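Fold and geometry: a report
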Amino acid sequence: MTVVVTGAAGFLGSAVVRHLRARGDNVVAIDRRPVARRAGVVPIRADLCLDDPGVRAAVRRADAVIHLAGCPGIRDRLPDVERRRQRDNVDSTSALVAATPWQVPLVVASSSSVYGGARFGRASREGDPCHPLGGYAASKVRTEQVCRARLDAGAPVVVARPFTVIGEGQRPDMALSRWVDAIRLGRPLRVFGSLERTRDFTDVREVARALTALLGSTGVVNVGSGRPRTLGEAVDAVGSVLGVEPLVWIEPASADEVADTWADTSRLADLTGQVPQTDLVDAVERLVAAPALAAVG
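Side note on helix 1 (residues 11-22)
Relative to the 16 Å expected for 12 residues at 1.5 Å per residue, helix 1 spans 17 Å between its end C-alpha atoms, a close match to the ideal helical length. Buried-residue contacts for helix 1 involve strand 1 (2-6), strand 2 (26-31), strand 3 (41-45), strand 4 (64-67), strand 7 (165-166) and helix 7 (204-213). Positioned one or two residues after helix 1, Gly24 has a phi angle of 100 degrees, which is positive.

So, in structure tokens, the structure goes:
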């Protein structure tokens, strides 16, 4: 099988490419940044918004498409961030969806941020109303709306909502990466809100497996472990791996920092027969052993 992966040079994209190659699939890896050519991987350096003929040809010939390209980061405060979110999250998805034949299985990455946190004292369910708290989450709601016609018609398209993905190769602005760097520099760990806040940390390898397993399904699907962990547990995991007792500074959380995230994984289990498992210490060990990505894919 040949699978097109967009955002293939990014954190999650790289993991998906590795997983597809491990199971024997060929990959067309699309990104604005260079992707190394290797056995079974054909790189295309392109911008999805520019109607690249190579991209159009690749998705027409593909057996499946996994769309991960986008503008990440809820804390991005640069002056042009809303323009980049619209272009890289919404417009790029619109261009890719339009180019992908109706019958080709398609997985589009959204985000758990569309829920605005676990607001009902329980795990977030796919049927819960969206409640985006910031510009990033709002752009992901608009991204999902791009897929609505195909979803409503029952085409083989999945809108996946990953929950707090962690592991090797994650961006330097993400919490675990920041904490590892702080300890290495002998600095306190900055934690927003409280150590009691929770996140449904989900191993990047498990997310890659789940996204691939969802090809051919249809609908909105949470991709999480279903087991929220406190930020304090994550801090302890970082300290344990690096062999230190971290000094922690608690800082006020911004309005778009949700208190808790928690995935209802029932639909994912029904569709794939599996639910991601996350070992915090193992994920941090792999993160420490591998270099972080220097830029967004």
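Things to note about the pattern of salt bridges
One pass over the full model with this rule turns up 27 salt bridges. Between Asp51 and Arg56 there is a salt bridge whose closest N-O contact spans 2.8 Å. On the basis of relative accessible area, Arg56 is assigned to the partly exposed category, the value being 31%. When the shortest N-O distance is used, the salt bridge between Glu168 and Arg205 registers 2.9 Å. Highlighted residues: Glu168 in the loop between strand 7 and helix 6 (175-184) and Arg205 in helix 7, separated in sequence by 37 residues. With relative accessibility at 11%, the residue Glu168 sits in the buried group. Its relative accessible area of 47% is what places Arg205 among the partly exposed residues.

Looking at unusual backbone geometry
Backbone geometry follows two general trends: most residues other than glycine have a negative phi, and most peptide bonds adopt the trans configuration. With a phi close to 55 degrees, Asp51 is a non-glycine residue in the positive phi region. Here Asp51 lies in the loop between strand 3 and helix 2 (53-61). Look at Thr164: it is not a glycine, yet its phi comes out positive at around 35 degrees. Along the chain, Thr164 turns up in the loop between strand 6 (157-162) and strand 7. Relative accessible area serves as the criterion here: at 25%, Thr164 is assigned to the partly exposed category.

Rules used in this analysis
- The residue numbering used here restarts from 1 in each chain and proceeds along that chain's sequence as written.
- In keeping with the model being predicted, local features are shown solely for residues with a pLDDT of at least 70 and side-chain atom pairs are shown and tallied solely at 80 or more, while totals for entire chains, interfaces and linings include all residues.
- Side-chain metrics rest on all non-hydrogen atoms present in the structure, leaving aside hydrogens and water.
- Counting from the N terminus, the helices are DSSP H or I runs at least four residues long and the strands are E runs at least two residues long.
- Each helix should span, by expectation, one fewer than its residue count multiplied by 1.5 Å.
- Any two residues whose heavy atoms approach within 4.5 Å are treated as being in contact.
- The term salt bridge refers to a pairing of a side-chain nitrogen on Lys or Arg with a carboxyl oxygen on Asp or Glu at a separation within 4 Å.
- The classification of residues rests on relative accessible area computed with a 1.4 Å probe and restricted to protein chains. Under 20% of the type maximum is buried, over 50% is exposed, and intermediate values are partly exposed.

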